[in-house]
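Read off the chains here:
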Amino acid sequence: MALSMDKLMGIQQHTLGIRTQRAELIANNIANADTPGYKAKGLDFQQALQQAQRGMENHKMARTHEKHFSVEIKPQGTEKFRVPSQPDTGDGNTVDVQLEQNLYAQNALEYEMTMNFLDGRISGVKKALGGQGR
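Below you will find a few notes about this structure. (Residues numbered from 1 in each chain as written. Predicted model: local features only at pLDDT ≥ 70, side-chain atom pairs only at ≥ 80, totals over all residues. Heavy atoms only, no water.)

**Observations concerning helix H3 (residues 45-53)**
Item 1. Three or more residues of H3 are buried, namely Phe 45, Ala 48, Leu 49, Gln 51 and Ala 52. Each buried residue of H3 lies within a common arc of 160 degrees when the element is viewed along its axis, so the set occupies one face. Away from its buried face, by an angle of more than 90 degrees, H3 presents the exposed residues Gln 46 and Gln 53.
Item 2. Next to the buried residues of H3 lie helix H2 (12-31) and strand S1 (41-43). (Buried < 20%, exposed > 50% of the residue type's maximum accessible area, 1.4 Å probe, protein only. Helix = DSSP H or I, 4+ residues; strand = E, 2+ residues; numbered from the N terminus. Arc of directions from axis to C-beta. Contact = heavy atoms within 4.5 Å.)

**A few points about the side chain of Thr 15**
Item 1. Along the chain, Thr 15 turns up in helix H2.
Item 2. Dropping the residues within four chain positions of it, Thr 15 is found in contact with Phe 45, Leu 49 and Thr 114.

**Some details on the pattern of salt bridges**
Item 1. One pass over the structure, following the stated rule, counts 5 salt bridges.
Item 2. Salt-bridge contacts for Lys 41 lead to Glu 79; the nearest nitrogen and oxygen are separated by 3.8 Å. In this pair, Lys 41 sits in strand S1 while Glu 79 sits in strand S2 (residues 79-81), placing the two residues 38 residues apart along the sequence.
Item 3. Arg 82 is the partner of Glu 100 in a salt bridge, and the nearest nitrogen-oxygen pair spans 3.5 Å. You can see Glu 100 sitting in helix H4 (residues 97-130) and its partner Arg 82 sitting in the loop between S2 and H4, a full 18 residues away along the chain. (Salt bridge = Lys/Arg side-chain N within 4 Å of Asp/Glu carboxyl O.)

**A look at the environment of Gly 37**
Item 1. Summarising the element assignment, Gly 37 is placed in the loop between H2 and S1.
Item 2. Since its relative accessible area comes to 40%, Gly 37 is described here as partly exposed.
Item 3. For the pair Gly 37 and Asp 91, spaced 54 residues apart in the sequence, the C-alpha separation amounts to 5.9 Å.
Item 4. Those residues within four positions of Gly 37 in sequence are excluded, and the remaining contacts are Asp 91, Gly 92 and Asn 93.

**A closer look at the packing of H2 against H3**
Item 1. For the pair H2 and H3, the least separation of the axes is 10 Å and the interaxial angle reads 140 degrees. Between H2 and H3, the crossing angle belongs to the class labelled oblique. Where H2 crosses over H3, the two elements pack in a sense that is right-handed. Residues His 14, Thr 15, Ile 18, Arg 19 and Arg 22 of H2 form the contact with H3, whose own contacting residues are Phe 45, Ala 48, Leu 49 and Ala 52.
Item 2. Tallied by class, the residues present in the contact of H2 with H3 amount to 5 nonpolar, 2 polar and 2 charged. (Axes fitted to C-alpha atoms, helices over the stretch in contact; angles between N-to-C directions. Parallel < 35°, antiparallel > 145°, perpendicular 65-115°, else oblique. Left-handed = near helix turned anticlockwise from the far one by under 90°. Nonpolar A, V, L, I, M, F, W, Y, C, P; charged D, E, K, R; others polar.)

**Regarding the nonpolar core**
Across soluble globular proteins, you tend to see nonpolar side chains buried next to one another.
Item 1. Core analysis: the largest hydrophobic core is formed by 6 residues, namely Ile 18, Leu 25, Leu 43, Phe 45, Ala 48 and Leu 49.
Item 2. Of all the elements in the fold, those that place two or more residues in this core are H2 and H3.
Item 3. When residues no more than four places from it in sequence are discounted, the contact partners of Leu 43 are Ile 18, Gln 21, Arg 22, Leu 25, Thr 78 and Glu 79. (Core = buried A, V, L, I, M, F, W, Y, C linked by side-chain atoms within 4.5 Å.)

**With respect to the side chain of Glu 110**
Item 1. Within the fold, Glu 110 resides in helix H4.
Item 2. Exposure remark for Glu 110: the relative accessible area of 17% places this residue in the buried category.
Item 3. At 2.9 Å, the side chain of Glu 110 and the side chain of Arg 19 are in polar contact.
Item 4. If near-sequence neighbours (up to four positions away) are discounted, Glu 110 is found in contact with Arg 19 and Arg 22. (Polar contact = N/O pair within 3.5 Å; in protein donor to acceptor, adjacent residues only side chain to side chain.)

In short, geometric facts, not functional conclusions.
In structure tokens:
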């Protein structure tokens, strides 16, 4: 009986990708904290996860020739502008650096937890394939 990667990794493989995307958004927010008119963006994690569960991975375009571009369609509607948590400073920028730093730290911890879970899953499969009694 063949073991598919989808069954092995479960939803965690999608969770890892979403956490990576979330980290990129937060890092962009922090990098643009002093950019006039920049609007902070966030990621609707639940919506992105639901889209992944519905099979967004099936929407990748297949390369049929080595000269074709590799194209991947990202889930739509998961990236949104944040509602500002502080009054406008006059330059139109909505980034709250302290909030973004806290969100980045939380996301990093969640990313690490996901990686640890996947590592445990893979270690269990390796142990099962190698035989436990050795």
